[in-house]
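# Close look at the chain arrangement
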Amino acid sequence: MLATFFAGVLLVGQTFGRDQSSLSRALLGDSVLEDPTLSHNVSSCPGYTLSSLQETDTGLTAQLSLSGDACNAFGHDVTNLTLEVTYDTETRLHVNIYDTVDSQFTIPSSVIELAPGSNDSSLKNNSDLVFNYESFPFAFWIIRRSEPDGQPLFDTRISSLPQTPIPPVRSTDNSTALDGFPLVFEDQYLQLTSALPLDTNVYGLGEVIASSGFRRAVGPGNGTIQTLWARDAADPVDENVYGSHPIYLEHRYNATTNTSQSHGVFLFNSAGSDILLLTPPSSNVSLIEYRLLGGTLDFYFFSGPSPQKVIEQYGALVGLPTWQPYWGFGFHLCRWGYTNITVTREVVQKMRDADIPLEVMWNDIDLYHAFRDFTSDPVSFPTDEMKSFIQELASKNQHYVPIVDAAVAHTVNDTDIYDPYTRGVEMDVWIKNPDGSEYIAQVWPGYTVFPDWFSENATALWTEALTNWSNSGIEFSGIWLDTNEASSFCVGSCDTGAVFSNTSVPFLLPGKPENLVSGYPEGYNATVWGPSGNITVSGTSTYDSNFGPAGTLSRRGVGAGNQTDVDLNYPPYAIHNGFGSLAGHALATNATHAGGYVELDVHNLWGLMEEKATHLALLSLRKGKRPFIISRSTFASSGKWTGHWLGDNFSLWEYLYYSIQGVLQFQLFQVPMVGADTCGFHGNTDEELCNRWMQLSAFMPFYRNHNGMGAISQEPYVWDSLANASRTAMQVRYSMLPYWYTLFANASTYGTPPVRALFFEFPNEPELFGIDRQFLIGSDILVTPVLTPNVSTVDGIFPGRGSVVWRDWYTHQVVNATPSANTTTLDAPLGHINVHVRDGAAILLHAEPAYTTAETRAGPYALLVTQDASGYAFGTAYVDDGESVPPTPHTTITFQAQKGQLAISSTGDYIVEQKLDTVTVLGVGADKPGSVQVDGQDVDESSWEFDAGLERLVVKRLGVDLSKGASLTWA
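Quick caveat: nothing in here was measured; it's all calculated off a predicted structure.

### Digging into the overall build of the chain
Counting secondary structure elements, the chain contains 16 helices and 48 strands. Taken over C-alpha atoms, the radius of gyration comes to 28 Å for the chain, in line with the 30 Å a tight globule of 971 residues would show. Here the C-alpha coordinates of the chain stretch approximately 90 × 75 × 55 Å along the principal axes. A total of 971 residues make up the chain; the buried ones form 62% of that total. In the chain, the proportion of contacts linking residues at least 24 apart, taken out of those at least 6 apart, comes to 72%. Surface summary for the chain: the accessible area is close to 32,800 Å², and the carbon and sulfur share equals 48%. Charge-centre separation for the chain: the mean point of 50 positive side chains lies 6 Å from the mean point of 105 negative side chains.

As C-alpha cells, this is what we get:
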C-alpha cells in the first residue's frame, strides 16, 4: 500500500547503445564512474562455438567456447559454457546454457523444486519438440516433430533475424537499438534473441498492467519492454511492478487450415532483466530478446498444443496451485482506515443489517501497535476485545484475516521489548550488510530489518511469531502478506546515523489535512457535485464525459532519465526499472544473505520465499487446515503457496478494465486465486463505478473490497443501488460455488486454469485473440461486464461463430447472437452484469445461497443442464469438506445427458449429505414431455414444470442422494 506515498523516485537512463561513452554521459551524467574496459556494445561480441558434443540417454551435452576476443559489453565474457539438452517429457524440452565453472547464481532447489524429467530414452525420438543447432556461431532452434518444415517455435540463428545494426525501434529509447544478435554470456549481462512470426500472439511475461491488454504488444510500433524486478509501485502502466514471471505463451494461427497451436517458453532465472518484444521497421519477423543481469540461460519449452495444455505443462514443472479453503471464495472486506475495533464491529454489523454476505473481515495496518508486525494496538484494538470479536465471527461461520508487512521493526532502545526482533537476533535471521552488520531499512514502524529466508532459522522464527500472535488473541484464519518485494523507504542500508527512536515515515499519510484524497473516477467532478460520489444529485446525473480523473497517472518516459551519482554497485546494463535505481524503494543490491547470496541475484525471490515460510507456518499452527494466504509479490511457483491480489490500484474506470487482464495473467502464471481491490484502493470511488466493480469481482476468484485511508467509504451498503447490485451478484456467485470449487480442484490437480481468455476455449477464432473485456469461468460461463461509465448497454462477442448456443444465466433465453466475428449489443442497466451459459454444460449449484459459505453449503443442491443440439451435456463436481489438507476424503460427481435422459454417478469416499433438490434442463425441445421419471419411478406432475418457449424442464423436490447417483428421464 505504500507505493503511492513514496517521494523522490529515482530514474536511471538506459545504457545500451552503440556509442557507449557519449550515450552513457548523456543518460547518466558526467559524474558516473564507468568501467573503461566495458564496451557497452554487443556488435563486436564473437558468440560461441560448439564442440565436444556427446549424446546422452535423454538428450545431449556439449561445450561452448568463446569464438573470438571478448567484447566485455556490460560485464566480462565467460570463456567456457556448457550446453545441456534434455527431453524431459513428451511435451517438455529443457535447454540449459550455463558457465562451466558453475559460478553464476542459479535458483536453489530449496527455493523452487522443479519437477524432474521422466528419464525416458525413447523421448529423443518421439517427443513433441525437437532441438536443432548450428555449431558456429552456436545457435539453436526448436521445432515440432510433427512439422519438420514448419516455422520454428524458438530460433536464435542470426540468419533468421533482421540485419543489424538497427536504430532504436523506440526513437526515445536508445536501449532499443539492436546492434547485433550474438549469444552474450557475461558475469553481469546475458543476451539471447529469438525470431518470432510477424506480430504474433504473445501472452504472459509479467507482472504488468499492459496498455496493449492481455495480448502483449509485439509490433510494428513500440512493442514491449517487460522488466522483471519486483517493485513496490502503485499499479503503473507498462512498467515493472510487484511480481516477476518469465513465462510466455505464444498462440499461432494458420489461416490456410483454420487451425492453431500454442506453445510456452519459461526461463528459469531470477535475475533482474529486460525482455523485449519488438518488430524492427520493414522487418518480416518480430523478435524476443532476453537481457539479463546474471544467472544462466535455463529454458523450458512446452509443446501445448492448446493454451490450456501449455498452462498445465508449466504447472507440472513449477508446482500446482495450493488447495483453497471453501470459505476463501466468499466475500472479503477491508479498509485502511478501520481505526479501531468499534469501527470494525460496526462495519460487520452494517453488512448483516443490509443482508449483504460477508465471509471474511480483514484489518490493514491500523490493527498494529506502532505499525509493528504481530501486534495489535492496546488502545484501538485490545487483544481481549479482538479475541472476542474474532470468536464472534467464527461463531457465525465467518473468518478473520490480518495483514503482515515484510519489514520487522528494530527496537528503539535497550528497554524496548519486541520479541520478534530480539528473537530474530538470537536466531540470526536478519539480512545483513556486506560487513556482517544488520541491514537497516525504513518502513511503517520506522527503522526495520528483514528476514533472510536463506538463513536456516527464518521459517522457525516466522512460525513462532505467527503462533504467538494467534495465541495472544489474534486468532486469524489466514494471512495477508504486503510490501514483500521487499520494500524500503530509504535507498541502501540506513543504519548510518539512524535514530532508532524516530518512528516517523518520510511522507504524509493520505487523508491528513495536508494530503486529502481528492481524486475521483473519470466523469465525476467533485468540485461541482461534492464529495459524495453519488450517481445523481437532486435528480441530476453527475456524469460529465468531458471531465477526466483528478490526477494524471504517471508513466515513465522510457530512457528519459538523467540521474547522476549512480551507485557503483549497479550493473553496467541498466534495466528499465520504473524507479531507475535498483535500490529505489527496495533493498540495496549488495545486501547479503546466508550462503553468500546477494540481493542483486535473489531480489525477485523474496516474496516467494516469504509465502512458502508463511504457508509452512500456517500448516504447523492450524494443523490439518488449508493455509489461506494472499500476497503481493510473486515469482514462478508462488501459486503452490499463496493467492495474489493485483496490488494498489486506483478508483478509475480504466483499472476496472485492467483487473481482467491481471486475473488472466495469473492463470498463466499458475496463481489462479487472484483478484483486484474492488472499487479501487487509491482515490475516491463513486456510486456507479463501485456498482459495476462489485458485480465484476463477483465473477473473479478472489473477491475483496479494499479501500485506502482518507477516501470516501465504499462498503457495499453505502449506496442503495450498490447494495442491490452486490446482493444480486453475490447470490449468483454463492450459487456457483460448487462450480468454482471444482475448477480450483482441477487447478490443484492438473493445473487447468479456472478463468480463461475466450481463445483458450475457441483457439481457431482469430477475432478472440485480443479479447480481454470478456472472460470465461471454466469452459461454460461467459461474463460480459460494463467497463465504461454512463451506459446502459454493453457490446460482447459470443464465441463459436454460431455453432454454440449461449443462454442468458438469469432468464435462460437463447441469445440472438451475431454468428460472425461481430459483437452483439446487450442490455446492461446499472445493477446488472451479463452472464451467459454455454450449451453442452451440466453445472452443480447451491440451490439456496445464504449469508456465509458454510450456511450455503448446508443447503440443498440444484443442477443446471444446458443440452446442445444433439441433446448432449456433461459436467463434474468435486466435493470434500472444504478445509482439510489433501489427500482427504472426496467424491467426484459426474453428470451426463443425452436426449431425454440424465445420468448421475459418483465415485469417491466423501459422503455428500446435502441432497439434489432441483434439476433444470434447457434445450429439451418445444414439446412437453409426457412423463418424467427418476430411477424409473414417475414424478408427480406437480413436481415438474415445462416452458415450451425456453425449451426448459424443471424438476423439483427430488431429494436425490448424490453419493449414490440417479437417473432422470423424460419421454
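### Quick word on the pairing of strand 2 (residues 59–66)
As paired strands, strand 1 (residues 48–56) and strand 2 are joined by seven bridges and run antiparallel to one another. Note on strand 2: the bridge partner recorded for L50 is L64. Counting the residues that bridge the hairpin from strand 1 to strand 2 gives two residues. With seven bridges connecting them, strand 2 and strand 3 (residues 80–87) associate as antiparallel partners. Paired with Q63 across the two strands is T82, which belongs to strand 3.

### Some remarks on the nonpolar core
Ranked by internal contacts, the top residues of the largest apolar core, which has 194 residues, are F266, F450, W469, F699 and I781. Top contributing element to this core by residue count: helix 11 (residues 653–668), with ten residues. Counting contributing residues, this core receives three or more from each of domain 1 (49–318) and domain 2 (751–970). Not counting the four nearest positions on each side in its chain, F266 is found in contact with P246, I247, D298, F299, Y300, F302, Y314, L317, V318 and A636. In this structure, Y48, V95, F138 and L196 belong to the second largest nonpolar core, which totals 45 residues.

### So, helix 4 (residues 341–353)
For helix 4, spanning 13 residues, the distance from its first C-alpha to its last is 18 Å, which sits close to the expected 18 Å at 1.5 Å a residue. If you check which residues of helix 4 are buried, you get I341, T344, V347, V348 and M351. Buried residues in helix 4, looked at end-on, bunch into an arc of 125°, giving them a common side. Elements that come into contact with the buried residues of helix 4 comprise strand 17 (331–335), strand 18 (360–363) and helix 5 (383–395). Looking at where helix 4 begins, the residue whose side-chain oxygen comes 3.0 Å from the main-chain nitrogen of T342 is N340. Remark: D355 follows helix 4 within two positions and exhibits a positive phi of approximately 55°.

### With respect to the sheet that holds strand 11 (residues 224–228)
The strand order across the open sheet built from five strands is 8-9-15-14-11, with neighbouring strands paired in antiparallel fashion. Strands with a single pairing partner mark the edges of an open sheet, and in this sheet they are strand 8 (184–185) and strand 11. Bridge analysis of strand 8 against strand 9 (residues 190–197) gives two bridges, and the strand direction is antiparallel. Each bridged residue has a counterpart across the sheet, and for F185 the counterpart in strand 9 is L190.

### Quick word on the packing of aromatic side chains
The geometry of an aromatic ring pair is captured by the separation of the ring centres together with the interplanar angle, meaning the angle of the planes. Overall, the coordinates contain 54 aromatic pairs when judged by the stated rule. Considering the side-chain rings of F666 and F669, the 5.1 Å spacing of their centres and the 85° angle between planes classify their relative orientation as edge-to-face. In this pair, the class of F666 matches that of F669, namely buried. Through a chain of ring-to-ring contacts, the aromatic side chains of F131, Y133, F138, F140, F154, Y290, F299 and F301 assemble into a single cluster. The ring of W141 carries the charged tip of R157 above its face, separated from the ring centre by 3.8 Å.

### Let's talk about the packing of helix 11 against helix 12 (residues 687–697)
Where helix 11 contacts helix 12, the two axes come as close as 10 Å, and the packing angle between them is 10°. Regarding the angle of helix 11 to helix 12, the classification is roughly parallel. Note on element contacts: helix 12 touches helix 11 through E688, L689, R692, W693 and L696, opposite W653, Y655, L656, S659 and I660. Residue composition of the contact of helix 11 with helix 12, by class: seven nonpolar, one polar and two charged.

### Notes on the domain arrangement of the chain
Domain boundaries in the chain define domain 1 (49–318) and domain 2 (751–970). Taken together, the contact pairs 15 residues of domain 1 with 15 residues of domain 2. When domain 1 packs against domain 2, close to 1,300 Å² is buried across both sides, 63% of that on carbon and sulfur atoms. At the junction of domain 1 and domain 2, the tally comes to seven residue pairs in polar contact (both at pLDDT 80 or more). Those elements that provide at least two residues to the side of domain 1 that touches domain 2 are strand 10 (201–206), strand 12 (245–254), strand 13 (259–267) and helix 3 (307–318). No other element matches the four residues that helix 3 contributes to the side of domain 1 that touches domain 2. Its residues assigned to classes, the side of domain 1 that touches domain 2 comprises six nonpolar, seven polar and two charged.

Each value, and the rule that gives it
- Residues numbered from 1 in each chain as written.
- Predicted model: local features only at pLDDT ≥ 70, side-chain atom pairs only at ≥ 80, totals over all residues.
- Heavy atoms only, no water.
- Helix = DSSP H or I, 4+ residues; strand = E, 2+ residues; numbered from the N terminus.
- Rg over C-alpha atoms; globule rule 2.2 N^0.38 Å.
- Buried < 20%, exposed > 50% of the residue type's maximum accessible area, 1.4 Å probe, protein only.
- Contact = heavy atoms within 4.5 Å.
- Areas by Shrake-Rupley, 256 points an atom, 1.4 Å probe, with all protein chains shown as cover.
- Lys, Arg positive; Asp, Glu negative; His and termini not counted.
- Charge placed at Lys NZ, Arg CZ, Asp CG, Glu CD.
- Pairing = 2+ DSSP bridges.
- Core = buried A, V, L, I, M, F, W, Y, C linked by side-chain atoms within 4.5 Å.
- Domains from an automatic or database assignment.
- Expected span 1.5 Å × (residues − 1).
- Arc of directions from axis to C-beta.
- Polar contact = N/O pair within 3.5 Å; in protein donor to acceptor, adjacent residues only side chain to side chain.
- Phe/Tyr/Trp six-rings, centres within 6.5 Å; stacked < 30°, edge-to-face > 60°.
- Lys NZ or Arg CZ within 6 Å of the ring centre and 35° of its normal.
- Axes fitted to C-alpha atoms, helices over the stretch in contact; angles between N-to-C directions.
- Parallel < 35°, antiparallel > 145°, perpendicular 65-115°, else oblique.
- Nonpolar A, V, L, I, M, F, W, Y, C, P; charged D, E, K, R; others polar.
- Buried area = accessible area lost by both parts, 1.4 Å probe.

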